[in-house]
Amino acid sequence: MTTVLTYTYVPDVVEKRDPFRPGHLALIDEWVANGSILAAGATGDPPSGGLIVFAGGQESAEEFVAADPYVSGGLVTEHRIEPWTVVAGAGIPAPPARA
């Protein structure tokens, strides 16, 4: 199952993120290296949120949220975890063929 985590950031996240950014990016790098995260990045310009695609289910996303310095640092005002049915995408596993 593929799962998507979306974050909504505080309005002034760019000004506030510096103390938390190295830990946040290191966490993402660790999860990418072990295959748990397939893609991740900020949304908006300037950033208003983030989107992270997990190879696993809801539990993986919940574990990530609990460990993320952006969350504990108060930069994330809300998050949402949802299953994602992949229809097409390079490098992202598609579900079994439809009948």
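In this text, all values refer to a predicted model and were calculated from it rather than measured experimentally.

Q: Tell me about the environment of Gly-49, residues and numbers included.
A: With respect to the helices and strands, the residue Gly-49 is situated in strand S3 (residues 49–54). With relative accessibility at 1%, the residue Gly-49 sits in the buried group. Separated by 40 residues in the primary sequence, Gly-49 and Tyr-9 have C-alpha atoms spaced 4.9 Å apart.

Q: Before we move on, could you go through the environment of Pro-47 and cite the residues and values that matter?
A: In this structure, Pro-47 sits in the loop between strand S2 (37–43) and S3. Sequence separation between Pro-47 and Asp-12 is 35 residues; the distance between their C-alpha atoms is 9.0 Å. If we skip the residues at most four places from it in the chain, Pro-47 touches Tyr-9, Val-13, Val-14, Arg-17 and Ala-42.

Q: Account for the packing of aromatic side chains, naming residues and giving values.
A: The geometry of an aromatic ring pair is captured by the separation of the ring centres together with the interplanar angle, meaning the angle of the planes. Under the criterion given, the structure shown has 5 aromatic pairs. Taken together, a centroid distance of 6.3 Å and an interplanar angle of 50 degrees make the contact between Tyr-7 and Tyr-9 tilted. By relative accessible area, Tyr-7 is classed as buried at 5%. The class of Tyr-9 is buried, set by a relative accessible area of 9%. When the centroid spacing of 5.7 Å and the interplanar angle of 65 degrees are considered together, the rings of Phe-54 and Phe-64 count as edge-to-face. Of the two residues, Phe-54 is situated in strand S3 and Phe-64 in helix H3 (residues 58–67); the sequence distance between them amounts to 10 residues. Since its relative accessible area comes to 0%, Phe-54 is described here as buried. What links up through ring pairs into an aromatic cluster is the set Tyr-7, Tyr-9 and Tyr-70.

Q: Which residues make up unusual backbone geometry, and what values do they have?
A: Following Asp-45, the chain continues into Pro-46 via a peptide bond in cis, with omega recorded as 5 degrees. Looking at the element boundaries, Pro-46 is found in the loop between S2 and S3.

Q: How would you summarise the sheet that holds S3 if you had to cite specific residues and measurements?
A: The 4 strands lie next to each other as S2-S3-S1-S4, forming an open sheet whose pairing is antiparallel. Where the open sheet ends on each side, the last strands, each with one partner, are S2 and strand S4 (76–84). On average, each strand axis in the sheet is tilted by 15 degrees relative to the strand beside it, whichever way the strands run. Bridging between S2 and S3 involves 6 bridges; their strand directions are antiparallel. Considered in S3, the bridge of Ala-42 is made with Gly-50. Lying on the sheet, helix H2 (residues 21–33) is in contact with strand S1 (2–9), S2 and S3; it crosses S2 at an angle near 155 degrees. Set on the sheet, H3 makes contact with S1, S2, S3 and S4; between it and S1 the angle comes to about 30 degrees.

Thresholds, definitions, all that
Residues numbered from 1 in each chain as written. Predicted model: local features only at pLDDT ≥ 70, side-chain atom pairs only at ≥ 80, totals over all residues. Heavy atoms only, no water. Helix = DSSP H or I, 4+ residues; strand = E, 2+ residues; numbered from the N terminus. Buried < 20%, exposed > 50% of the residue type's maximum accessible area, 1.4 Å probe, protein only. Contact = heavy atoms within 4.5 Å. Phe/Tyr/Trp six-rings, centres within 6.5 Å; stacked < 30°, edge-to-face > 60°. Pairing = 2+ DSSP bridges. Axes fitted to C-alpha atoms, helices over the stretch in contact; angles between N-to-C directions.

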